[in-house]
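Structural overview for review
One-letter residues, chain by chain:
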Amino acid sequence: MIGSCELKARVEESLGTVLDPDFFGQAEQYARRKLDMCNERAGRIYGEDGYGDEYLVLLTADTVREMAFSAWCEIRNAEITAAREKAVGA
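Residues numbered from 1 in each chain as written. Predicted model: local features only at pLDDT ≥ 70, side-chain atom pairs only at ≥ 80, totals over all residues. Heavy atoms only, no water.

Focus on unusual backbone geometry
Filter applied, for reference: A run of DSSP states H or I qualifies as a helix once it reaches four residues; a run of E qualifies as a strand once it reaches two. Both are numbered from the N-terminal end. Classification of residues uses two cut-offs on accessible area relative to the type maximum, computed with a 1.4 Å probe and protein chains only: under 20% is buried, over 50% is exposed, and between them is partly exposed.
In this structure, Asp49 is a non-glycine residue whose phi angle is positive, near 60 degrees. Tracing the backbone through its elements, the reader meets Asp49 in the loop between α2 (21-42) and α3 (53-89). For Asp49, a relative accessible area of 61% puts it in the exposed group.

Take a look at the structure:
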């Protein structure tokens, strides 16, 4: 099973950027849990049928993208809400 340091390096290579360690840690934890659940439901062991290290790299990269997009949406929503409140109060 791939370790955290190697996983982070491969995900960063895949995404073409350096990731904050805390942000990556959250994404890694979620992706590992998701892969474990998928393997368990399918009756597979880690690595069987391609659902191991290579898939974990892809899954973690996707999780990073999803988390980043979610954070962007929250920030953008706060900006829109603040602008609306300012316009109403003006």
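Now, onward.
Quick look at α3
An α-helical turn contains 3.6 residues, so any two residues separated by three or four positions project in the same direction. Keep this limit in mind: What a helix should span is 1.5 Å times the count of its residues minus one. Contacts between residues were defined by any pair of non-hydrogen atoms, one from each residue, lying within 4.5 Å.
The terminal C-alpha atoms of α3, which comprises 37 residues, lie 54 Å apart, in line with the 54 Å expected from a rise of 1.5 Å per residue. The set of residues buried in α3 consists of Leu56, Val57, Leu59, Thr60, Ala61, Thr63 and Val64. The inward-facing, buried residues of α3 contact α1 (4-15) and α2.

A few points about the pattern of salt bridges
Our working definition: Between Lys or Arg on one side and Asp or Glu on the other, a salt bridge is scored when a side-chain nitrogen of the former is within 4 Å of a carboxyl oxygen of the latter.
Within the structure shown, the criterion is met by six salt bridges. Linking Asp62 and Arg65 is a salt bridge whose minimum nitrogen-to-oxygen distance equals 2.7 Å. On the criterion of helical spacing, the pair formed by Asp62 and Arg65 is a turn pair, its members being three residues apart in helix α3. Put simply, Glu6, Arg10 and Glu54 are held in one network by salt bridges that share partners.

Some details on the packing of α2 against α3
Pairs of packed helices are described in terms of their axes, by the angle between the two and the distance that separates them. Applied cut-off: Working convention: axes come from line fits to C-alpha atoms, limited for helices to the stretch in contact. Angles between N-to-C directions cover 0 to 180 degrees. When an angle is under 35 degrees it counts as roughly parallel; over 145 it counts as roughly antiparallel; between 65 and 115 it counts as roughly perpendicular; any other value is oblique. By the definition used in this description, the sense in which the near helix is turned from the far one sets the handedness, with an anticlockwise turn below a right angle giving left-handed and a clockwise turn giving right-handed. Gly falls in the polar group here, along with every residue not listed as nonpolar (Ala, Val, Leu, Ile, Met, Phe, Trp, Tyr, Cys, Pro) or charged (Asp, Glu, Lys, Arg).
It is at 9 Å that the axes of α2 and α3 come closest, and there the two elements cross at 125 degrees. The pairing of α2 with α3 is recorded here as oblique in orientation. Where α2 crosses over α3, the handedness of that crossing is right-handed. Contacts between α2 and α3 pair Phe23, Phe24, Gln26, Ala27, Glu28, Tyr30, Ala31, Arg32, Lys34 and Leu35 from the former with Tyr55, Leu56, Leu59, Thr60, Thr63, Val64, Met67 and Ala68 from the latter. Its residues assigned to classes, the contact of α2 with α3 comprises twelve nonpolar, three polar and three charged.

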